[in-house]
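Structure at a glance
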Amino acid sequence: MKPFWKNRQFWRFVVLALIGVTTAVIWRLSLVPAGESSRQSEQIVVPVVAATQQGGDFFDYLFIFVRKMAHFIEFFGLGLLWGLYNKLRPRPLPFVWLYGLGVGVLDELLQGLAPGRAPGMMDVVLDYCGYFCGFALVFAAADWYWRRKKRKQRK
């Protein structure tokens, strides 16, 4: 009997659990009130601004950039996990694509429930772009791996 870490079913379970946790974290962060959410973003922005000795418009643009990149990065991770899961246990692509879109839409609707926050359609687009990029990266890496393996076998 092979060890549990070499079992595909074990890895399917792990990746599916990570998908659930990532989705829950995304939705939890959407329910954070505006003031707290801004303070979290400032923890990243303020040291960068201080290091560059600039402020004003630079601070404002950097603040917006950090907040929007958080959307992209969260959903990039979710797309990456779904890509891995789809490699372990293929799912119909419409289901996978609709999951990412559904999480993004619900994420924005949840933001509408948090004090001082409002949903935005552009955030859904940004979320979905991150999701797609994470998912596509898995398939690009797998394709690269298999092409490399085939080239080595031919030699």
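Rules and cut-offs
- Residues numbered from 1 in each chain as written.
- Predicted model: local features only at pLDDT ≥ 70, side-chain atom pairs only at ≥ 80, totals over all residues.
- Heavy atoms only, no water.
- Core = buried A, V, L, I, M, F, W, Y, C linked by side-chain atoms within 4.5 Å.
- Buried < 20%, exposed > 50% of the residue type's maximum accessible area, 1.4 Å probe, protein only.
- Helix = DSSP H or I, 4+ residues; strand = E, 2+ residues; numbered from the N terminus.
- Contact = heavy atoms within 4.5 Å.
- Lys, Arg positive; Asp, Glu negative; His and termini not counted.
- Salt bridge = Lys/Arg side-chain N within 4 Å of Asp/Glu carboxyl O.
- Patch = residues over 30% accessible without salt bridge, like charges linked within 9 Å, V, L, I, M, F, W, Y side chains within 5 Å.
- Areas by Shrake-Rupley, 256 points an atom, 1.4 Å probe, with all protein chains shown as cover.

Comments concerning the nonpolar core
Formed by 13 residues in total, the largest nonpolar core has its most connected members in Val15, Ile19, Phe75, Leu78, Trp82 and Tyr131. Listed by contribution, the elements that provide at least two residues to this core are α1 (8-30), α3 (57-88), α4 (93-113) and α5 (121-154). Aside from chain neighbours lying at most four places away, what touches Ile19 is Leu78, Leu81, Trp82, Tyr85 and Tyr99. Core analysis: the next-biggest nonpolar cluster, separate from the first, contains five residues, Val45, Val49, Leu62 and Phe63 among them.

Considerations on the side chain of Glu108
With respect to the helices and strands, the residue Glu108 is situated in helix α4. No salt bridge is formed by the buried Glu108, whose closest oppositely charged neighbour, Arg117, lies at an N-O distance of 6.7 Å.

Concerning a nonpolar patch on the surface
A surface patch of nonpolar side chains, about 420 Å² in accessible area, is lined by Leu98, Leu101, Val105, Leu106 and Leu109. In this fold, Leu106 is placed in helix α4. Look at Leu106 and you get partly exposed, because its relative accessible area is 34%.

Remarks on the pattern of salt bridges
For the coordinates displayed, the defined rule picks out three salt bridges. Between Arg39 and Glu36 there is a salt bridge, and its shortest N-O distance comes to 3.2 Å. In this pair, Arg39 and Glu36 both sit in helix α2 (residues 34-52), three residues apart, roughly one turn of the helix. Across the salt bridge formed by Arg147 and Asp143, the nearest N and O atoms sit 2.9 Å from each other. Placement of both Arg147 and Asp143 in helix α5 is noted, with a separation of four residues, approximately one turn of the helix. Under the relative-accessibility criterion, Asp143 is labelled partly exposed at 40%.

Everything listed here is a matter of geometry and, on its own, says nothing about what the molecule does.
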